[in-house]
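Remarks on the overall topology
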Amino acid sequence: MFKKPIWKRLLISLAWIISFGGLIVLMSFIERKKGEVLCKDVKIYIPGNQYFIDREEVDNILQVNSNALIGRRMELININLLEKKLKANPFIEFAKVYTDMDGIINVEISQRQPILRLMNRFDQDFYVDQHGLKIPLSANFTARVIVANGYIDELFANHVDSLHTAMARQLFKTADYIRRDSLWDAQIAQIYVNKDHEIELIPRVGNNRILLGDADSLDNKFHNLRVFYKKALPLVGWDAYKVINIKYANQVVGVKNIMLKADSLKAKLAAKDSTKLIRDTIKKN
């Protein structure tokens, strides 16, 4: 087996060295030309239909209107610093800033998505986003989310923060469950924490309160409530009960509305897709 002549190996090595050197020269040329490019425009992309932060506010953060960017050489613009300024805004979850060879600075922003508005007993008012983080209210936009108030001890220090109390975490879990179900999202208007630190739900239809208790076994509790809505309320009317108690595992307890002056009655309801019975005990208060 013959070996390749040494001069062929040298030519191949030389070709690789020349190619690599040419690549370095080309990259240096590109970087030099890029550095000479002036910033012509700043394009901002804010997807979604909630506008806690708008183009004008982003312009102010990046100082676009003060000509701090437009007309400057691209190599003098600190892209990482611009990203840090944007991420410092409590309504921005994600920010990406990058440039192109045409002198355009591109800004992509994702806003935080609130799912709950908390009003604690200290008159503080703030949102909780989809990740369970507290964020302040906005002067630009009011999110149409479920509101929780009452005996809530969760404090807010006016910056993005996690939830610290067990009750606040239960409220977040409840609100997240409600928003994911089209029926309950349409029916439940408000969440209230009573003096016994139990969760109550205020429906849009009917003059009653739904006593949830805590955020455990939500699937089971709301399944029982759904059956109760379908089988009991059509017989007696939406305003027959003052309280609908679903905090127990396998039963729904209805407390009669005294204003209706109806007689007490008892009925057993078969839970759909379940062998357990939901007891509907109606008590005259």
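Residues numbered from 1 in each chain as written. Predicted model: local features only at pLDDT ≥ 70, side-chain atom pairs only at ≥ 80, totals over all residues. Heavy atoms only, no water.

Per an unreviewed UniProt entry, the chain goes by Cell division protein FtsQ and derives from Mucilaginibacter xinganensis.

On to the overall build of the chain. For the chain, the helix and strand inventory stands at seven helices and 15 strands. Counting over 285 residues, the chain shows a buried share of 40%. Nonlocal contacts in the chain, meaning residues at least 24 apart in sequence, comprise 56% of its contacts between residues at least 6 apart. (Helix = DSSP H or I, 4+ residues; strand = E, 2+ residues; numbered from the N terminus. Buried < 20%, exposed > 50% of the residue type's maximum accessible area, 1.4 Å probe, protein only. Contact = heavy atoms within 4.5 Å.)

Counting residues in each nonpolar core, the largest one holds 37 residues, and the members touching the most others are L116, L171, I191 and L201. With six residues, helix α4 (residues 166–179) is the single largest residue contributor to this core. Among all residues touching L201, those that are not within four sequence positions of it are T174, I178, I188, Q190, I191, R209, I210, L212 and F222. I61, L62, V64 and L69 belong to the second largest nonpolar core, which has 22 residues in total. (Core = buried A, V, L, I, M, F, W, Y, C linked by side-chain atoms within 4.5 Å.)

The subject of this paragraph is the side chain of K134. Structurally, K134 is set in strand β6 (residues 133–135). Taking relative accessible area as the criterion, K134 reaches 1% and is therefore assigned buried. Side-chain polar atoms of K134 contact the side chain of E154, separated by 2.8 Å. Once residues lying within four places of it in the same chain are set aside, the contact partners of K134 are F126, Y127, E154, L155, F156, H159, V160, D161, S162, L163 and H164. (Polar contact = N/O pair within 3.5 Å; in protein donor to acceptor, adjacent residues only side chain to side chain.)

Looking now at the environment of F91. Here F91 is to be found in the loop between α3 (79–87) and β2 (92–99). Its relative accessible area of 8% is what places F91 among the buried residues. Taking C-alpha positions, F91 is 7.2 Å from I135, a pair spaced 44 residues apart along the chain. Not counting residues up to four positions away in its chain, the partners in contact with F91 are F52, S110, Q111, R112, P136, L137 and S138.

What follows deals with the packing of α4 against helix α6 (residues 218–231). Packed helix pairs are characterised by how far apart their axes lie and by the angle those axes make with each other. Interhelical geometry of α4 versus α6 gives an angle of 50° and a closest axis separation of 11 Å. With respect to their mutual orientation, α4 and α6 come out oblique. Classified by chirality, the crossing of α6 by α4 is right-handed. Within the contact between the two elements, α4 uses K173, T174, Y177 and I178 and α6 uses L218, D219 and F222. For the contact of α4 with α6, a count of residues per class yields four nonpolar, one polar and two charged. (Axes fitted to C-alpha atoms, helices over the stretch in contact; angles between N-to-C directions. Parallel < 35°, antiparallel > 145°, perpendicular 65-115°, else oblique. Left-handed = near helix turned anticlockwise from the far one by under 90°. Nonpolar A, V, L, I, M, F, W, Y, C, P; charged D, E, K, R; others polar.)

Further remarks concern the sheet that holds strand β3 (residues 104–111). Within the open sheet, the three strands sit side by side as β1-β3-β2. Their pairing is mixed. Looking along the sheet, the strands with just one partner apiece sit at the ends: β1 (41–45) and β2. Sheet twist, expressed as the mean angle between neighbouring strand axes with direction ignored, is 15°. In this sheet, β3 lies alongside β2 in antiparallel orientation, the contact comprising seven bridges. Bridging across to β3, V97 finds its partner in V107. Seen against the sheet, helix α2 (residues 55–62) touches β1 and β3 and runs at an angle of roughly 130° to β1. Of the strands in this sheet, β2 and β3 touch α3, which is tilted by about 160° from β2. (Pairing = 2+ DSSP bridges.)

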